[in-house]
Amino acid sequence: MSAQSHKTSPSAEDLRPESAPGSPDHGPRNPSRRANATSDRRQSAAEILNSVGECMYEWDIASDTLNWSDGAQALLGVQDRALMSCGRRFSELLLPTTTDTRENTVFSSSKLDDGAGVPYRIQYALSAEKLGTKSNIWLEDNGRWFADTDGKAVRAHGVLRI
């Protein structure tokens, strides 16, 4: 292949979407960020996930408590942290027509947890109206729920991807 016909793949920086309003790097792509990428500082798992439009959560079903990875609130564009504090409140952010919720998926599952958890993958959108944004934010929720000795779901964890 000649040098003229050789095409290079776009860099990760070229493929990075513009950041969300309110996020620390909101605005056009910044070439000076490349210098930061070569530093010796290791990034945390949360920083890496946020950089690719993902965040982690853990849901204690009995108390309905949601715990999120650092940066999740800004990544999802949620202004009020309380809306992310429990499953019920987070569900209020979804489009009203949403039927595939995490709760419905976990509680209506016919699968049994053999100790390794039960995987699920669903898609839903956060409502632009409820977030105060111009457009809905579509998410893929890829997780796993775990049962107690009676087979009842007691916790779940997963990754949300925008």
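Provided above is the structure to which this section pertains.
Residues numbered from 1 in each chain as written. Predicted model: local features only at pLDDT ≥ 70, side-chain atom pairs only at ≥ 80, totals over all residues. Heavy atoms only, no water.

Visitor: Tell me about the overall build of the chain, residues and numbers included.
Guide: Broken down by element type, the chain carries seven helices and five strands. Listing the helices and strands of the chain from first to last along the sequence gives α-α-α-β-β-α-α-α-β-α-β-β. In the chain, which comprises 162 residues, the proportion classed as buried is 35%. Expressed as a percentage of contacts within the chain between residues at least 6 apart in sequence, the contacts between residues at least 24 apart total 43%. Approximately 10,500 Å² of the chain is accessible, and the part contributed by carbon and sulfur atoms is 52%. (Helix = DSSP H or I, 4+ residues; strand = E, 2+ residues; numbered from the N terminus. Buried < 20%, exposed > 50% of the residue type's maximum accessible area, 1.4 Å probe, protein only. Contact = heavy atoms within 4.5 Å. Areas by Shrake-Rupley, 256 points an atom, 1.4 Å probe, with all protein chains shown as cover.)

Visitor: Go over the pattern of salt bridges with me, naming the residues and quoting the values.
Guide: With the rule as written, the count across this model stands at seven salt bridges. As a salt-bridge pair, Glu 58 and Arg 155 come within 3.6 Å of each other at their nearest N and O atoms. Of the two residues, Glu 58 sits in strand E1 (residues 54-60) while Arg 155 sits in strand E5 (residues 153-161), which places them 97 residues apart along the sequence. With a relative accessible area of 38%, Glu 58 lands in the partly exposed category. Classification of Arg 155 as partly exposed rests on a relative accessible area of 33%. Here Arg 102 and Asp 141 are joined by a salt bridge, their closest N and O atoms 2.9 Å apart. Taken together, the residues Arg 102 in helix H6 (residues 102-107) and Asp 141 in strand E4 (residues 137-147) connect sequence positions 39 residues apart. For the pair formed by Arg 102 and Asp 141, the shared burial category is buried. Ionic contacts of the salt-bridge type, sharing partners, join the residues Arg 88, Arg 89 and Glu 92 into one network. (Salt bridge = Lys/Arg side-chain N within 4 Å of Asp/Glu carboxyl O.)

Visitor: So what's going on with unusual backbone geometry? Which residues, and what values?
Guide: Backbone phi values are negative for most residues with the exception of glycine, while trans is the configuration of most peptide bonds. One non-glycine residue, Asp 64, adopts positive backbone phi at about 60 degrees. Of note, Asp 64 is situated in the loop between E1 and strand E2 (65-68). Here Asp 64 falls in the buried class, since its relative accessible area comes to 18%.

Visitor: So what's going on with the sheet that holds strand E3 (residues 118-126)? Which residues, and what values?
Guide: Here we have five strands laid out as an open sheet, ordered E2-E1-E5-E4-E3, and antiparallel in their pairing. Edge positions in the open sheet fall to E2 and E3, since each of these has one partner strand only. Averaged over neighbouring strand pairs, the angle between their axes works out to 25 degrees when direction is ignored. (Pairing = 2+ DSSP bridges. Axes fitted to C-alpha atoms, helices over the stretch in contact; angles between N-to-C directions.)

Visitor: Residue-level account of the packing of aromatic side chains, with values.
Guide: Given two aromatic rings, one states the distance between the centres and the angle between the planes to describe the pair. Counted according to the given criterion, the structure contains three aromatic pairs. Where Tyr 57 meets Trp 68, the ring centres are 5.8 Å apart and the plane angle is 55 degrees; that geometry is what we call tilted. With Tyr 57 in strand E1 and Trp 68 in strand E2, the pair connects residues that are 11 residues apart, well separated along the chain. A relative accessible area of 3% means that Tyr 57 is categorised as buried. Aromatic pair Trp 59 and Phe 107: ring centres 6.1 Å apart, planes at 65 degrees, arrangement edge-to-face. Of this pair, Trp 59 sits in strand E1 while Phe 107 is found in helix H6, placing the two residues 48 residues apart along the sequence. Taken together, the aromatic side chains of Tyr 57, Trp 68 and Phe 90 make up a single cluster linked through ring pairs. (Phe/Tyr/Trp six-rings, centres within 6.5 Å; stacked < 30°, edge-to-face > 60°.)

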